[in-house]
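Reading the structure
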Amino acid sequence: MIKRFSVIYIGSSKCELIIGQRGKGTINILDRVSYPIRFGSQSFTKGFIDFKLVYALCQTINDYISMSKTFDVESIRIVGTTALREAKNQLYILEQIRINTGGYHVEILDQDEEIHLIYRHMVSKCENQYDIIGSENKDQMMAAISSGNLSVALLKNGIIDYHQTAELGYLKMRHFLRSIEENTERFETLLNEFIGINTREISENIRKRKIHRLFVSSH
C-alpha cells in the first residue's frame, strides 16, 4: 500500500498541492500549497483556456512535483474538474501538461465522480460531531457549492435517496449573468427567476421533506 503520496488538484480558480501520509485508519496532511489560476473565468466564458495560462499551470505543476519529491512520495496524482472538463481545448491542455512535466497525465473527474467524492468527504468530516449515518427517520441535506456547479443531496436514515446537480456555481453564474446585469434594471428579478427555473426540481423535492440538518461545502 502506498503510504506517502501527493495530489495536485486543477480547479476553476486555483491549482492546489496536498501531500499526505496514510496512518492507522487516517490520512495525515504533511503539506498543502495553493496557487490562484483563472481557468474557470476563461473556460466558462470563452470555452477555451489561453496558452499563457496553460504554460503558467505547467510551471506550477513542475514546482509541485519537485516539492512532492522532497517528501519522498510514492505516488503523484494530478486531477482536474469542471473548468478542464468543459474546456473545448481540453486535449491540447492535457497534452501540454504531459509534454512540459516529463510525462505526467491528468485525470479528469466526471461530474458524478467529483460530487461523490465531495459528499464522502462531507460525511467523514461531520460524522464525528453529528450522527449522519445513524440518524434514523430524520431527513438531512447536503449542499456542495463550487465554482461551476451546485449539488444537493437528501438523506434518509443516513442513505442518499435523492441528488441533483445544477450549473449554478458562483463563478459560472457571475460570468454568464454579467452582460445581463449591465443591460437591465430588473437584474435581481431576472436572477431570482433564473435560479428558480434551474432549481425547480430540487426545490420540489426539498419541500416534500422535513430537513433535520443542513451541511454545506463551499470555497
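Presented here is a report on the structure given in the accompanying data block. Sequence positions are assigned chain by chain, starting from 1 and proceeding in written order. Only residues with pLDDT of 70 or above have their local features reported here, since the model is predicted, and side-chain atom pairs are shown and tallied only from 80 upward, although totals for entire chains, interfaces and linings are computed over all residues. With hydrogens and water stripped out, all remaining heavy atoms of the structure feed into the side-chain values.

Some points on the overall build of the chain
Just so we agree on the cut-off: Counting from the N terminus, the helices are DSSP H or I runs at least four residues long and the strands are E runs at least two residues long. The buried label applies to any residue whose accessible area, calculated with a 1.4 Å probe on protein chains only, is under 20% of its type's maximum; exposed applies above 50%, and partly exposed to all values in between. By definition, residues are in contact when any of their heavy atoms lie within 4.5 Å. For this count, His and the chain ends are skipped, Lys and Arg are scored as positive, and Asp and Glu as negative. Positions of charges follow a simple convention, taking NZ of Lys, CZ of Arg, CG of Asp or CD of Glu.
The helix and strand tally for the chain stands at 8 helices and 9 strands. Projected onto its principal axes, the C-alpha coordinates of the chain cover approximately 55 × 50 × 20 Å. Buried positions account for 39% of the 219 residues belonging to the chain. The contacts in the chain between residues at least 6 apart in sequence include a share of 58% that link residues at least 24 apart. Averaging the coordinates of the 28 positive side-chain charges in the chain and doing the same for the 26 negative ones gives two points 3 Å apart.

Re the sheet that holds strand β4 (residues 75–80)
Basically, it comes down to this: Each pair of strands is called paired provided DSSP finds at least two bridges between the two strands. Only the stretch in contact is used when a helix axis is fitted, and all axes are lines through C-alpha atoms; the angle between N-to-C directions ranges over 0 to 180 degrees.
The strand order across the open sheet built from 5 strands is β3-β2-β1-β4-β5, with neighbouring strands paired in mixed fashion. Of all strands in the sheet, those with a lone pairing partner are β3 (27–36) and β5 (106–108), marking the two edges. Taken over all neighbouring pairs, the strand axes of this sheet differ in orientation by 20° on average, direction set aside.

Quick look at a nonpolar patch on the surface
Going by this rule: Residues with no salt bridge and a relative accessible area higher than 30% make up the patches, which join like charges within 9 Å and nonpolar side chains (Val, Leu, Ile, Met, Phe, Trp, Tyr) within 5 Å. Per-residue accessibility takes into account occlusion by the displayed protein chains alone, with areas from the Shrake-Rupley method and a 1.4 Å probe. When a carboxyl oxygen of Asp or Glu is within 4 Å of a side-chain nitrogen of Lys or Arg, the pair counts as a salt bridge.
Together, Ile-145, Tyr-170, Ile-211, Leu-214 and Val-216 make up an exposed nonpolar region whose accessible area comes to about 410 Å². Tallying contributions element by element places strand β9 (residues 211–218) first for the nonpolar patch, with 3 residues. With respect to the helices, strands and loops of the structure, Ile-211 is situated in strand β9. For Ile-211, a relative accessible area of 30% gives the class partly exposed.

Examining the packing of helix α2 (residues 51–70) against helix α4 (residues 90–100)
We apply this condition: In these notes the angle categories are as follows: under 35 degrees is roughly parallel, over 145 is roughly antiparallel, 65 to 115 is roughly perpendicular, and the rest is oblique. Crossings are classed by handedness, with left-handed meaning an anticlockwise turn of the near helix from the far one by less than a right angle and right-handed meaning a clockwise turn. For this scheme, ten residues count as nonpolar: Ala, Val, Leu, Ile, Met, Phe, Trp, Tyr, Cys and Pro. Four count as charged, namely Asp, Glu, Lys and Arg, and the remainder, Gly too, count as polar.
At a minimum axis separation of 10 Å, α2 and α4 run at an interaxial angle of 40°. Of the possible angle classes, the one that applies to α2 and α4 is oblique. Like other packed secondary-structure pairs, α2 and α4 cross with a definite hand, here right-handed. Contacts between α2 and α4 involve Phe-51, Val-54, Leu-57, Cys-58, Ile-61 and Asn-62 from the former and Tyr-92, Ile-93, Gln-96, Ile-97 and Asn-100 from the latter. Residues belonging to the contact of α2 with α4 are distributed by class as follows: 8 nonpolar, 3 polar and no charged.

A closer look at the pattern of salt bridges
For the coordinates displayed, the defined rule picks out 9 salt bridges. In this structure, Arg-85 and Glu-114 form a salt bridge, with 3.0 Å as the shortest nitrogen-oxygen distance. Of this pair, Arg-85 sits in helix α3 (residues 82–86) while Glu-114 sits in helix α5 (residues 111–126), and the two are 29 residues apart along the sequence. Arg-85 sits in the partly exposed class, given a relative accessible area of 21%. Between Arg-98 and Glu-95 there is a salt bridge, with the nearest N and O atoms lying 2.5 Å from each other. One end of the pair, Arg-98, and the other, Glu-95, are both in helix α4, 3 residues apart, so they sit about a helical turn from each other.

Side note on the sheet that holds β9
Strand order in the open sheet made by the 4 strands is β8-β7-β6-β9, with mixed pairing throughout. Edge positions in the sheet fall to β8 (159–166) and β9, since each of these pairs with one other strand and no more. Each strand axis lies, on average, 15° off the axis of its neighbour in the sheet, ignoring direction. Pairing analysis gives 7 bridges linking strand β6 (residues 139–145) to β9, with the strands arranged parallel.

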